[in-house]
Amino acid sequence: MAFREKMLWASASATLLLWGWYFARFVTQLQAGRFDQGVAVGNFITTIALLVAVQIVAAIVLAIMSGREASAPADDRERAFALGGYRVAYFVLAALVVTLMLAGPILLRIANEWTPAPPPGMAPVLLGNALLFALVAAELAHSGYQLFRYRRGG
């Protein structure tokens, strides 16, 4: 397995696990009717800090295990995989943003039904998290496409 593929697996796993934790907590707090914006901001900052730490540790460990391969420049095949991944990610991000624009009023209505008395300023928080979800989904599509190409053999 190539160094860049290993990094993609580590990155995609960390992204899925940590952002999955964040969004699960966000929805749970919304449904329970005890949404606290301070706690949500703390969860967001914690998720970002953990993601950065995990990425750094994974990069160091994989670089040590891979030796010279870690510092080798990307070959044409790897660059093509990355370019294809960016195309897929852009499509996913654009599609989700347009969908959120059209479904925004529905999302806000659902949020009002989930929480008995929505706190003031809930609309921007919900929409911001929906956009964050779109960004995370695009990143996972980017990694997923590249991993698919690596596994398929290019």
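Residues numbered from 1 in each chain as written. Predicted model: local features only at pLDDT ≥ 70, side-chain atom pairs only at ≥ 80, totals over all residues. Heavy atoms only, no water.

Trainee: Can you explain the overall build of the protein? Please cite residues and give values.
Mentor: Within the protein, the regular secondary structure consists of 4 helices and 0 strands. For the protein, the α and β elements follow one another from N to C terminus as α-α-α-α. Based on the C-alpha atoms only, the size of the protein along its principal axes is roughly 55 × 30 × 20 Å. Across the 154 residues of the protein, 32% fall into the buried class. In the protein, the share of contacts with a sequence separation of at least 24, taken over all contacts with a separation of at least 6, comes to 85%. As displayed, the protein has an accessible area near 9300 Å², and 71% of this comes from carbon and sulfur atoms. Computing the positive centroid from 12 side-chain charges and the negative centroid from 8, the protein places the two 2 Å apart. (Helix = DSSP H or I, 4+ residues; strand = E, 2+ residues; numbered from the N terminus. Buried < 20%, exposed > 50% of the residue type's maximum accessible area, 1.4 Å probe, protein only. Contact = heavy atoms within 4.5 Å. Areas by Shrake-Rupley, 256 points an atom, 1.4 Å probe, with all protein chains shown as cover. Lys, Arg positive; Asp, Glu negative; His and termini not counted. Charge placed at Lys NZ, Arg CZ, Asp CG, Glu CD.)

Trainee: Summarise helix H1 (residues 3–32); cite the residues concerned and give the values.
Mentor: In this model, H1 (30 residues) spans 43 Å end to end at C-alpha, consistent with the 44 Å of a helix rising 1.5 Å per residue. At the exit of H1 stands Gly33, carrying a positive phi of roughly 75 degrees. (Expected span 1.5 Å × (residues − 1).)

Trainee: Describe the environment of Ile45, naming the residues involved and giving the relevant values.
Mentor: Following the sequence through the fold, Ile45 ends up in helix H2 (residues 37–66). Remark: the alpha-carbon pair of Ile45 and Val61, spanning 16 residues in sequence, is separated by 24 Å.

Trainee: Could you give me a rundown of the confidence of the model for the protein, with the residues and numbers involved?
Mentor: Residues at a pLDDT of 70 or more form 94% of the protein, whose mean pLDDT is 88. Least confident of the elements in the protein is helix H3 (residues 76–114), whose mean pLDDT is 86; most confident is H2, at 93. (pLDDT = per-residue confidence, 0-100.)

Trainee: Account for the packing of aromatic side chains, with residues named and values stated.
Mentor: By convention here, two paired aromatic rings are described through the distance between centres and the angle between planes. Counted under the stated rule, the structure contains 8 aromatic pairs. Ring centres 5.5 Å apart and planes at 80 degrees place the aromatic pair Phe23 and Phe133 in the edge-to-face group. Remark: Phe133 occurs in helix H4 (residues 122–152) and Phe23 occurs in helix H1; sequence separation between them is 110 residues. Note on Phe23: relative accessible area 14%, which makes it buried. (Phe/Tyr/Trp six-rings, centres within 6.5 Å; stacked < 30°, edge-to-face > 60°.)

Trainee: Tell me about the packing of H1 against H4, and please be specific about residues and values.
Mentor: One can describe the packing of H1 onto H4 by two numbers: an axis separation of 10 Å at closest approach and a directional angle of 155 degrees. Between H1 and H4, the interaxial angle falls into the category roughly antiparallel. Considering only the axes of H1 and H4, their crossing is left-handed. Among the residues making up the contact of H1 with H4, the classes are represented as 18 nonpolar, 4 polar and 3 charged. (Axes fitted to C-alpha atoms, helices over the stretch in contact; angles between N-to-C directions. Parallel < 35°, antiparallel > 145°, perpendicular 65-115°, else oblique. Left-handed = near helix turned anticlockwise from the far one by under 90°. Nonpolar A, V, L, I, M, F, W, Y, C, P; charged D, E, K, R; others polar.)

Trainee: How would you sum up the environment of Leu8? Please name residues and give values.
Mentor: Residue position: Leu8 is located in helix H1. The spacing of Leu8 and Val27 is 19 residues in sequence and 27 Å in space, taken between C-alpha atoms. Apart from residues lying up to four places away in sequence, Leu8 is in contact with Ser143, Gln146, Leu147 and Tyr150.

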